Amino acid sequence: MDNLKEELKKQIIEQLNLEDITPADIQDDSLLFNDAGLGLDSIDALELIVLLEKYHGIQVTNPEEGKEAFKSISTMADYILKRKA
Amino acid sequence: MFYISAASSISHQPTFKNAGFSAFIGPLTESSALVSPDYKGFIEAGLLRRMSKILRMSVACSKDCIEQAGIEQPNAIVVGTGLGCLQDTEKFLNNSITIEGLLPPTAFIQSTHNTMAGQISLSIGNHGYNMTHTQNTLSFEHALQDAMLLLNEGEKHILVGAADEYIEILTEISGQLNIRPETLLASGASFFVLSKEKTTASLAVVKDCVTTGLVQDIPEKIASFLSDNGLKASDLDLILYSGASNGLNHDDVFLKTLPASLGKCVDYLQLSGIYPTASAFALHYAADLMNQNKSLKNILIYNSLIQRNLGLTLVQSIEA
Amino acid sequence: MGVRITGIGIVSAIGLSVEENLLALTEGRSGIAPAVFFQEASRNLLVGEVKVSDNDLKTQLGTGAANISRTSLLGLKAAREAWGSNVHTPALRTGIISATSVGGMDRSEVFYKDYLAQNNPDFSLLKTHDSGSTTERIAAVMGISGYINTLSTACSSGANAIMLGARLLIHGKLDRVLVGGSDALTKFTIDGFRSLMIYDDQWCRPFDESRSGLNLGEGAAFLLLENDKSIAFSGNKTLCYVSGWANAADAYHQTASSPEGKGATLAIENAIHRSEVTAQGISYVNAHGTGTKNNDLSESVALKNVFGENIPAFSSTKAFTGHTLAAAGAIEAVFSVLSIQHNLIYPNLNFRKAITETGLEPVTSLQTDKPVDAVLSNSFGFGGNNSSLVFTKK
């Protein structure tokens, strides 16, 4: 689980081109789409859907479904494990 | 009369935040590269991370212009671009052909020609008229004309500029199509605040700008442009022209049209490198020259980068 | 003061002429279907395709086998119809302003595929890539030189071309001008909207609660605008006027429209103000109405902001033509002219249930019983680029 979270952080930084951010800057439970977190937006949400397919083989066809899953690193990791189970 | 109250360029020359640059720049060499500022000082990190070169240049120049002009908001944002956001266009085209599954959307979103004007409005919170002209080598002139119309309609300050970006494949394409292999292909952005009223910040005046697509008689067009503005060829202190193009000798046209202007011609493409909107660089260069050298009263920018399209812009000193 | 419209031309998924488009609109017949001519589209993808091949277009237009993009071919067909039997004269300054989002991308894609595969790519295909060349090509065949310009502001481009043409006439820079837009279907744009997850695999359903995206279309439309001097020469009859126009930036997000419809509201209000028609005087609104969740909600909010409880009859015609991007504003301008000429209000196809948040119901069947004196046409694009036009009978 912790490995998956670390992987996700690296993948997100690469996919979203977060230039000045390192995995250590992202807390597992901080809100990705909140300005206090990473301040991501709707375009990033689509990029995260691409990320899930590219690295984890998971397809999200409804963007609404992504919204819940993409709240934080922890919820993303939970979502991936659930979909793979 | 339209006053240039601010000018900002990012180019292969040290033009950015460097008033007076015209005094010491020379022709570009083959190894020259884009001189970029640290964009973090101008653009929020959240927007910056997605931006290609052309977007970074455009937003940074725009913000610099607004600061120079000392205005809160321009009434409108008008941009010219010949080839638009090439880097993102090629990236998305490549993805669309090579990736089987889902495609990342960012490059598509940032590929549209109006991304510069849109990102400028976003980064300064501007709700005014927002326009993008794309007529290859006349894109900047058309944007400039639109800005002049807006000022005549009663607006006060227009942010107007142009940008184009070089990507690697252009070298191969221009070689294959035999397009001007002799001069450096470059990137560049030049933005201006064009204002109705003269202020202490005013650098120069844009007196007139005329475009002719699919032009037939260039000498005749230049002659009527000058006479419409009450000038003779001998009144021109300097002509900034767009070099030799496609094997046609421009100097012939000059000789026929402007007998008195020999020795007062500068090929601005040698300074800016080649990109479709390089005439915007020429306008900044002209304004900067006039600010240094008070003897320059009338400068003609003669743009025939593509021979079939003619752009003429008359720049005058504030006192002229 | 309005500007006279004296000629119209159109080619879209519902017809290759003004007459054919009018017939389909009155019969409620959509042109959206699986692609036939566009080879790159995946099987059964719904598109608003113009039902004619490039080769047939070239033959019809007499352009020969030359390297010419579909965008130029479609534009040329519409421009010819709008120009009609007008003749050139040195006494009149004639210009052309077109709009396109991706220019000759249809040819560039062919090149780039071969380029990546190192399969002897034909570099000359790229000569039609830039948007400006699309318009120059049309101008060259039409015999127009002088003011030749292209606007590219994504999905609002066509409306902006009409606005700029009207302004140039009012400022006395031109005597007559062909204004419009053209875009061909491309893999680039189809994949682009799919990557945004707003391409509906079913028929698009503008303003419907169940809407889930757009269907792309292709086409072109042009209008001929003339000043009094030009009319004195041509003797052309005025079809109607373009009387109001405005463009405003939403400045909210690169792709999404603001929930309060700020830019759209500004564009609509300013266009109506310029037209000197009152808000109550608008007989019909041809909405942008793409069928995406975001646009239709934001546009509905903007309509409420401007018109309050008295929203005029409105519909989106995108379910007829598909979303034709830069051509949309011009195609819908032609529909607006026809609406005024024939007192028609078009149905919003595929509508069942109003959007919960706003409850607005578009017109769902053809209306022919009310005079149409003024039409508002909206075109909103990426980068928060919002444009509105007002067309009037007088």
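All values reported here derive from a predicted model rather than from experimental measurement. (Residues numbered from 1 in each chain as written. Chains lettered and ligands numbered in written order. Predicted model: local features only at pLDDT ≥ 70, side-chain atom pairs only at ≥ 80, totals over all residues.)

Trainee: With reference to specific residues and values, describe the overall build of chain C.
Mentor: For chain C, the helix and strand inventory stands at twelve helices and twelve strands. For a compact globule of 394 residues, the expected C-alpha radius of gyration is about 21 Å, and chain C comes in at 20 Å, within 12% of that figure. Projected onto its principal axes, the C-alpha coordinates of chain C cover approximately 60 × 50 × 40 Å. Residues counted as buried form 63% of the 394 residues belonging to chain C. The long-range share in chain C, meaning contacts at least 24 apart out of those at least 6 apart in sequence, stands at 79%. (Helix = DSSP H or I, 4+ residues; strand = E, 2+ residues; numbered from the N terminus. Rg over C-alpha atoms; globule rule 2.2 N^0.38 Å. Buried ≥ 20, exposed ≤ 12 C-beta atoms within 10 Å, placed from the backbone. Contact = placed C-beta atoms within 7 Å.)

Trainee: Tell me about the overall build of chain B, and name the residues and values.
Mentor: Scanning chain B from N- to C-terminus turns up eleven helices and ten strands. Taken over the C-alpha atoms alone, chain B extends approximately 65 × 45 × 35 Å along its principal axes. Burial analysis of chain B (320 residues in total) assigns 57% to the buried set.

Trainee: Account for the nonpolar core, with residues named and values stated.
Mentor: The tendency in soluble globular proteins is for nonpolar side chains to be buried side by side. With 244 residues, the main nonpolar core has B:Leu240, B:Ala286, C:Ile162, C:Leu223 and C:Val334 as its most contacted residues. With ten residues, helix α11 (residues 278–292) of chain B is the largest single contributor of residues to this core. Ignoring sequence-local partners within four residues, the contact set of C:Val334 consists of C:Ile8, C:Ile10, C:Val18, C:Ala221 and C:Leu223. (Core = buried A, V, L, I, M, F, W, Y, C linked by C-beta atoms within 7 Å.)

Trainee: Provide a residue-level description of the interface of chain C and chain A, including the pertinent values.
Mentor: Between chain C and chain A, the residue contacts involve six residues of the former and five residues of the latter. Partitioned by chemical class, the residues of the side of chain C that touches chain A number three nonpolar, three polar and no charged. (Nonpolar A, V, L, I, M, F, W, Y, C, P; charged D, E, K, R; others polar.)

Trainee: How would you explain helix α10 (residues 293–307) of chain C if you had to name every residue and give the values?
Mentor: Residues and elements named next belong to chain C. Its 15 residues give α10 an end-to-end C-alpha distance of 21 Å, which sits within 8% of 21 Å, the value for a rise of 1.5 Å per residue. Along α10, the residues that are buried comprise Asn295, Asp296, Leu297, Ser298, Glu299, Ser300, Val301, Ala302, Leu303 and Val306. The elements touched by buried residues of α10 are α9 (262–275), β9 (284–286), β10 (313–315) and β11 (374–381). Positive phi shows up at glycine 308, right after α10, with a value of about 60 degrees. (Expected span 1.5 Å × (residues − 1).)

Trainee: How would you explain helix α8 (residues 218–228) of chain B if you had to name every residue and give the values?
Mentor: Residue and element names in this part refer to chain B. For α8, the complete set of buried residues consists of Ile222, Phe225 and Leu226. Taken down its axis, α8 places every buried residue within 95 degrees of arc, on the same side. α8 presents Glu220, Ser227 and Asp228 as exposed residues on the side facing more than 90 degrees away from its buried surface. Once α8 finishes, glycine 230 follows within two positions and takes phi at roughly 65 degrees, a positive value. (Arc of directions from axis to C-beta.)

Trainee: How would you summarise the pairing of β11(C) if you had to cite specific residues and measurements?
Mentor: Here is the key point about a regular strand: its side chains alternate between the two faces of the sheet. Residues and elements named next belong to chain C. Among the eight residues of β11, eight are classified as buried, and the element is accordingly described as predominantly covered. Strand direction decides the pairing type here: β9 and β11, joined by three bridges, are parallel. In the sheet register, tyrosine 284 faces β11, and the bridge partner there is valine 375. Adjacent in sequence and paired antiparallel, β11 and strand β12 (residues 385–392) are bridged by three residues, among which glycine 383 carries a positive phi angle near 75 degrees. (Pairing = 2+ DSSP bridges.)

Trainee: Before we move on, can you summarise the interface of chain C and chain B with the specific residues and values?
Mentor: Opposite the 47 residues of chain C that make contact, chain B presents 45 residues. Counting residues per element, the ones that place at least two in the side of chain C that touches chain B are α4 (105–116), α5 (131–142), β5 (148–151), α6 (157–170), α7 (187–195), β8 (240–249) and α9 of chain C. When residues in the side of chain C that touches chain B are grouped by element, the largest group, six residues, is from α5(C). Of the residues assigned to the side of chain C that touches chain B, the class counts are 18 nonpolar, 21 polar and eight charged.

Trainee: Outline the environment of C:Val141, supporting the account with residue identities and numerical values.
Mentor: Residues and elements named next belong to chain C. Within the secondary structure, valine 141 sits in helix α5. A residue is classified by how many C-beta atoms lie within 10 Å of it, and valine 141, with 17 of them, is partly exposed. Separated by 78 residues in sequence, valine 141 and threonine 63 place their C-alpha atoms 8.3 Å apart. In this structure, valine 141 is in contact with Thr63 and Leu76, ignoring residues within four places of it in sequence.

Trainee: Could you give an account of the packing of helix α3 (residues 86–98) of chain B against α4(C), with specific residues and numbers?
Mentor: The interhelical angle for the contact between α3(B) and α4(C), taken along N-to-C directions, is 70 degrees, at an axis separation of 10 Å. The orientation of α3(B) with respect to α4(C), classified from their angle, is roughly perpendicular. Crossing hand, α3(B) versus α4(C): right-handed. On the side of α3(B), the interface is formed by B:Leu93, B:Ile97 and B:Thr98, while α4(C) contributes C:Glu109, C:Tyr112, C:Lys113 and C:Leu116. Looking at the contact of α3(B) with α4(C) residue by residue, the classes come out as four nonpolar, one polar and two charged. (Axes fitted to C-alpha atoms, helices over the stretch in contact; angles between N-to-C directions. Parallel < 35°, antiparallel > 145°, perpendicular 65-115°, else oblique. Left-handed = near helix turned anticlockwise from the far one by under 90°.)

Trainee: Let's hear about the packing of helix α3 (residues 70–83) of chain C against α5(C): which residues, and what values?
Mentor: All names here are of chain C. For the pair α3 and α5, the least separation of the axes is 9 Å and the interaxial angle reads 40 degrees. Considered as vectors, α3 and α5 are oriented oblique to each other. Between α3 and α5 lies a crossing whose hand is right-handed. Along the contact surface, α3 presents Thr71, Ser72, Gly75, Leu76, Ala79 and Trp83, while α5 presents Thr134, Arg137, Ile138, Val141 and Met142. For the contact of α3 with α5, a count of residues per class yields six nonpolar, four polar and one charged.

Trainee: Hey, could you go over the environment of C:Asn227 for me, with residue numbers and the actual values?
Mentor: For C:Asn227, the position within the fold is in the loop between β7 (219–226) and α8 (228–234). Considering only alpha carbons, one finds C:Asn227 and C:Ile5, 222 residues apart in sequence, at a separation of 9.3 Å.

Trainee: Talk me through unusual backbone geometry; I want residue IDs and the actual numbers.
Mentor: At A:Asn17, a position not held by glycine, the phi torsion is positive, near 55 degrees. Mapped onto the secondary structure, A:Asn17 falls in the loop between α1 (2–15) and α2 (42–56). Of note in the backbone geometry, C:Gln118 takes a positive phi value of approximately 50 degrees without being a glycine. By secondary structure assignment, the location of C:Gln118 is in the loop between α4 and α5. Overall, C:Gln118 belongs to the exposed group, with 7 C-beta atoms counted inside 10 Å.

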